[in-house]
Amino acid sequence: KANCRPDGRELGEFRATTVNIGSITTADGSALVKLGNTTVICGVKAELAAPAADSANKGYIVPNVELPSLCSTRFRSGPPGEEAQAASQFIADVIENSQMIAKEDLCIASGKLAWVLYCDIICLDYDGNVLDASAFALLAALKNVQLPSVTINEETGLSEVNLKQKNPLIIRKHPVATSFAIFDDTLLIVDPTAEEEDLATGTVTIVTDDDGKLCSVHKPGGSPLTGAKLQDCITRAITRHKEVKKLIDKVIKSIKPK
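Residues numbered from 1 in each chain as written. Predicted model: local features only at pLDDT ≥ 70, side-chain atom pairs only at ≥ 80, totals over all residues. Heavy atoms only, no water.

Chemist: Please set out the packing of aromatic side chains residue by residue, giving values where relevant.
Modeler: Counted under the stated rule, the structure contains one aromatic pair. Taken together, a centroid distance of 5.1 Å and an interplanar angle of 85° make the contact between Phe-75 and Tyr-126 edge-to-face. Here Tyr-126 lies in the loop between β6 (113-125) and α2 (130-144) and Phe-75 lies in the loop between β4 (60-66) and α1 (82-98), a separation of 51 residues in the sequence. Exposure remark for Phe-75: the relative accessible area of 10% places this residue in the buried category. (Phe/Tyr/Trp six-rings, centres within 6.5 Å; stacked < 30°, edge-to-face > 60°. Helix = DSSP H or I, 4+ residues; strand = E, 2+ residues; numbered from the N terminus. Buried < 20%, exposed > 50% of the residue type's maximum accessible area, 1.4 Å probe, protein only.)

Chemist: Before we move on, could you go through the layout of surface pockets and cite the residues and values that matter?
Modeler: The space that makes up the largest pocket amounts to roughly 420 Å³. Taken together, 19 residues form the lining of the largest pocket, with Glu-83, Leu-131, Glu-197, Thr-203 and Pro-220 sitting closest to its centre. For the lining of the largest pocket, the elements supplying multiple residues, two or more each, are α1, α2, α3 (194-199) and β11 (202-208). Residue composition of the lining of the largest pocket, grouped by class: eight nonpolar, seven polar and four charged. (1 Å grid on protein atoms, 1.4 Å probe; cavity = no way out; pocket = protein on both sides within 12 Å on 5 of 7 lines; lining within 4 Å. Points joined across faces, edges and corners; volume = space filled by probe spheres on them. Nonpolar A, V, L, I, M, F, W, Y, C, P; charged D, E, K, R; others polar.)

Chemist: How would you sum up the packing of α2 against helix α4 (residues 227-255)? Please name residues and give values.
Modeler: For the pair α2 and α4, the least separation of the axes is 11 Å and the interaxial angle reads 30°. Crossing angle aside, the handedness with which α2 passes α4 is right-handed. Residue-level contacts link Phe-136, Leu-139, Ala-140, Lys-143 and Asn-144 of α2 to Val-244, Leu-247, Ile-248, Ile-252 and Ile-255 of α4. Grouping the amino acids of the contact of α2 with α4 by side-chain chemistry returns eight nonpolar, one polar and one charged. (Axes fitted to C-alpha atoms, helices over the stretch in contact; angles between N-to-C directions. Left-handed = near helix turned anticlockwise from the far one by under 90°. Contact = heavy atoms within 4.5 Å.)

Chemist: Residue-level account of empty space enclosed by the protein, with values.
Modeler: Going through the model one piece at a time under the given rule, you end up with two cavities of 30 Å³ or more. By volume, the largest cavity amounts to about 50 Å³. In this structure, the largest cavity is lined by Leu-35, Asp-132, Ala-135, Phe-136, Pro-175, Val-176, Ala-177, Arg-240 and Val-244. Counting residues per element, the lining of the largest cavity draws most heavily on α2, which supplies three residues. Looking at the lining of the largest cavity residue by residue, the classes come out as seven nonpolar, no polar and two charged. Taken as a whole, the second largest cavity spans an internal volume of roughly 30 Å³. Taken together, Val-94, Met-100, Ala-135, Leu-138, Leu-139 and Pro-175 form the lining of the second largest cavity. No other element matches the three residues that α2 contributes to the lining of the second largest cavity. In terms of residue class, the lining of the second largest cavity is built from six nonpolar, no polar and no charged.

Chemist: So, the nonpolar core: which residues are in play, and what are the values?
Modeler: In this structure, Ile-101, Leu-117, Leu-138, Leu-142 and Leu-169 are the most contacted members of the largest nonpolar core, which totals 55 residues. With residues near it in sequence (within four places) discarded, Ile-101 still touches Ile-61, Leu-106, Leu-117, Leu-142, Leu-169, Ile-170 and Ile-171. Judged by nonpolar contacts, the second largest core, of ten residues, contains Phe-180, Leu-188, Val-204 and Ile-234. (Core = buried A, V, L, I, M, F, W, Y, C linked by side-chain atoms within 4.5 Å.)

Chemist: Break down the pattern of salt bridges for me, with residues and values.
Modeler: Scanning the entire structure with this criterion turns up 13 salt bridges. Linking Arg-9 and Glu-196 is a salt bridge whose minimum nitrogen-to-oxygen distance equals 3.8 Å. In this pair, Arg-9 sits in the segment before β1 (17-21) while Glu-196 sits in helix α3, placing the two residues 187 residues apart along the sequence. Look at Glu-196 and you get buried, because its relative accessible area is 6%. Arg-240 is paired through a salt bridge with Glu-243; the nearest N and O atoms lie 3.5 Å apart. Remark: Glu-243 and Arg-240 occur in helix α4; sequence separation between them is three residues, near one turn of the helix. What makes Arg-240 buried here is its relative accessible area of 7%. The class of Glu-243 is partly exposed, set by a relative accessible area of 37%. Here the salt bridges do not stand alone but share partners, grouping Arg-5, Arg-9, Arg-15, Asp-127, Asp-191 and Glu-196 into one network. (Salt bridge = Lys/Arg side-chain N within 4 Å of Asp/Glu carboxyl O.)

Remember that the coordinates give geometry; whether it matters functionally is a separate question.
Here you go:
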C-alpha cells in the first residue's frame, strides 16, 4: 500500500543491473549479468556442423539454462529440474520468436557447413527473476561473439578456418525480458526477488524488441491478468528495453579496441 518493498524499492523499480562482457576467455562470447543478487553467466561456444537436410541454408542455436545446487538451496544436483527446463524452453522461444539472429546468417556453405552456437546459461546466485537475467546475459554474450572466417577449399572439399580474421555475429533484434509478480490479482511488482516470487499469486514475463513489438508473453499459470494490467506491463517493458539496450551499448563501446 505504501508503494514500498522489503528491499526499499518502489513497486515499479528494478534492482541495480550490471553487465560484464567477455568474462570467459575460453568461450567465443560471454557475459555476466547481475540483477541485484541474482547472478547469471552465459558462455557461447561455436562449432561447425552439417546443416539439417530440410533447412540446408540454416545454422543452429542451442540454448541451455542450468540452475545448479550451488546457486540456491531450492535446487538439487543431478539432471535439470522443471524450472531449468522451463527456462531453457523460454530462452529458445525468445530466440525463435524475436528472430534476434537469422539462422541463414550462420550458414557457411549451403547444405555443407554451418555454425552451431551452444549457449550455456548458468545461474551462479539465485534471488528471483532468473528469466530476465538469462535473456539479458544471452543477448550480451551473443553481442560479444567473434566467429573466425571459414572457407571451403574447392579442391579438397575441406573447411579452412582463418583465426586471424574474425567477424561479429549479426544481431538483428535485441529482445529484452521484463518480469512481473502478481499479488492478489491486482497488484503488479517488477523484477521480483526469490522471496517475492514465493509469495506471489502468479508471474508474467513480457519480451519486447527494438521496435517496441511483443516477441513473447510467458505466463505460467497463476492469477489471471486483465487487458489493462497487461497493457501496463507492456508499456513498462518497453521502457525497460531502452534502459537495457543503453547499458549493453555502453559496455560494448567501452571494450571496443580504440
